[in-house]
Amino acid sequence: MIARSYHVHLCGLALLAALVAAPAHVQAQAPGGIYTCVDANGRKLTSDRPIPACIDREQKILNPSGTVRGNVAPALTPQELAAQEEKEKLLAQERNRKDEEKRRDRALLVRYPNRAAHDEERAEALKQIDVVKAAAANRVVELKRQRSLLDEEMEFYKKDPTKAPMRLRRQVDELTESLVVQTRFITDQDGEIKRVSARFDEELVRLKLLWPLRSATAAAAVAPAASGAKTTKSP
């Protein structure tokens, strides 16, 4: 009996929690209603308050006339509650993703109102990379010229390079390292050109969908106004 009373007490608490979380329209209908349900043993129960024995099943709330005023949904099990929370979390993430996508789309349309604007910025971005790359290439030419002069000096020590002055060997090493750095930098710029081109290609794919949609939306907004203007008669 003690165990059963404790179970009923827990059920009552769980039902109370379920009612607190229930929709406002259900709670508002409850006062003055009659609760009814069929418990696990098939018994039809009625009460003037939520029925603990039916915590795991739906309870109807009846008017004094016997018509259904509302209902109380079954309390969720921990597993069901966890599943519901996970579902709500995923739905929230999807809403956030769609909102972020809309923000990006609006920003794209503001930045690139037409194909010409997008093509112009692409050309400018690639031009800037070409300028940097050309400067690096000119630097390589200059470094090779300097290295050629040092190689001429090193000719005197071809039989035994260790006898070359420390200054000369240090300059050779520094120029060699600089050539490696500049060559790697030029290669990186080639990669940057591919990355920038890929970005603009991806944007263009999206913009080709957005531009017609914006035009259609603008046309739809103008049509009613234009129609209204045609039907208005002059006094």
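Residues numbered from 1 in each chain as written. Predicted model: local features only at pLDDT ≥ 70, side-chain atom pairs only at ≥ 80, totals over all residues. Heavy atoms only, no water.

Enquirer: How would you sum up the overall build of the chain? Please name residues and give values.
Expert: Broken down by element type, the chain carries five helices and four strands. Going through the 235 residues of the chain one by one, you find that 21% of them count as buried. Long-range contacts, defined as pairs at least 24 residues apart, comprise 55% of the intrachain contacts of the chain with a sequence gap of at least 6. Entry remark: accessible area of the chain is about 17,000 Å², with carbon and sulfur atoms responsible for 59%. (Helix = DSSP H or I, 4+ residues; strand = E, 2+ residues; numbered from the N terminus. Buried < 20%, exposed > 50% of the residue type's maximum accessible area, 1.4 Å probe, protein only. Contact = heavy atoms within 4.5 Å. Areas by Shrake-Rupley, 256 points an atom, 1.4 Å probe, with all protein chains shown as cover.)

Enquirer: Let's hear about helix 3 (residues 78-111): which residues, and what values?
Expert: If you check helix 3, its first and last C-alpha atoms are 49 Å apart, about what 34 residues at 1.5 Å a residue would give, namely 50 Å. Among the residues of helix 3, Asp105, Leu108 and Leu109 are the ones counted as buried. (Expected span 1.5 Å × (residues − 1).)

Enquirer: Any chance you could break down the pattern of salt bridges for me, citing the residues and the numbers?
Expert: Taken as a whole, this structure holds 19 salt bridges when the rule is applied. Close ionic contact of Glu101 with Arg97 constitutes a salt bridge, the shortest N to O distance being 3.5 Å. Of the two residues, Glu101 and Arg97 are both situated in helix 3; the distance of four residues between them amounts to about one turn of the helix. Its relative accessible area of 41% is what places Arg97 among the partly exposed residues. (Salt bridge = Lys/Arg side-chain N within 4 Å of Asp/Glu carboxyl O.)

Enquirer: Give me the lowdown on the side chain of Gln59, citing residues and values where you can.
Expert: Mapped onto the elements, Gln59 comes out in strand 3 (residues 59-62). A polar contact of 2.9 Å, which involves the side chain of Gln59, links it to the backbone nitrogen of Ile51. (Polar contact = N/O pair within 3.5 Å; in protein donor to acceptor, adjacent residues only side chain to side chain.)

Enquirer: Can you break down the sheet that holds strand 2 (residues 44-47) residue by residue, with the values?
Expert: Taken in spatial order, the four strands of this open sheet run 2-1-3-4, and their pairing is antiparallel. In this open sheet, the two strands that pair with only one neighbour each are strand 2 and strand 4 (68-72). On average, each strand axis in the sheet is inclined to that of its neighbour by 25 degrees, with strand direction left out of account. (Pairing = 2+ DSSP bridges. Axes fitted to C-alpha atoms, helices over the stretch in contact; angles between N-to-C directions.)

Enquirer: Account for the pairing of strand 4, with residues named and values stated.
Expert: Direction of pairing for strand 3 relative to strand 4: antiparallel, over a ladder of four bridges. In the sheet register, Ile61 faces strand 4, and the bridge partner there is Gly70. Hairpin connection between strand 3 and strand 4: a loop of five residues separates the two successive antiparallel strands, and Gly66 in this loop has a positive phi of roughly 100 degrees.

Enquirer: Describe helix 4 (residues 115-154), and please don't skip the residues or the numbers.
Expert: The terminal C-alpha atoms of helix 4 lie 58 Å apart, and with 40 residues this matches the ideal 58 Å at 1.5 Å per residue to within 8%. Looking at where helix 4 begins, the residue whose side-chain oxygen comes 3.3 Å from the main-chain nitrogen of Ala116 is Asn114.

Enquirer: Break down the packing of aromatic side chains for me, citing the residues and quoting the values.
Expert: When we look at a pair of aromatic rings, we describe it by the centre distance and by the angle of the planes. Evaluated as defined, the whole model comprises zero aromatic pairs. Sitting over the ring of Phe200, Arg199 keeps its end group 4.2 Å from the ring centre. (Phe/Tyr/Trp six-rings, centres within 6.5 Å; stacked < 30°, edge-to-face > 60°. Lys NZ or Arg CZ within 6 Å of the ring centre and 35° of its normal.)

Enquirer: Run through the pairing of strand 1 (residues 34-38), naming residues and quoting values.
Expert: In this sheet, strand 3 lies alongside strand 1 in antiparallel orientation, the contact comprising three bridges. The residue of strand 3 that forms the bridge with Ile34 is Leu62. Pairing analysis gives four bridges linking strand 1 to strand 2, with the strands arranged antiparallel. Paired with Val38 across the two strands is Lys44, which belongs to strand 2.

Enquirer: Before we move on, can you summarise the nonpolar core with the specific residues and values?
Expert: Ala136, Val140, Leu143, Leu150, Met154, Ala164, Leu168, Val172, Leu175, Leu179 and Ile186 form the largest nonpolar core, which has eleven residues in total. At the level of secondary structure, the elements contributing two or more residues to this core comprise helix 4 and helix 5 (166-231). Not counting the four nearest positions on each side in its chain, Leu168 is found in contact with Leu150, Glu153, Met154 and Tyr157. (Core = buried A, V, L, I, M, F, W, Y, C linked by side-chain atoms within 4.5 Å.)

Read these as layout, nothing more, since geometry by itself doesn't imply function.
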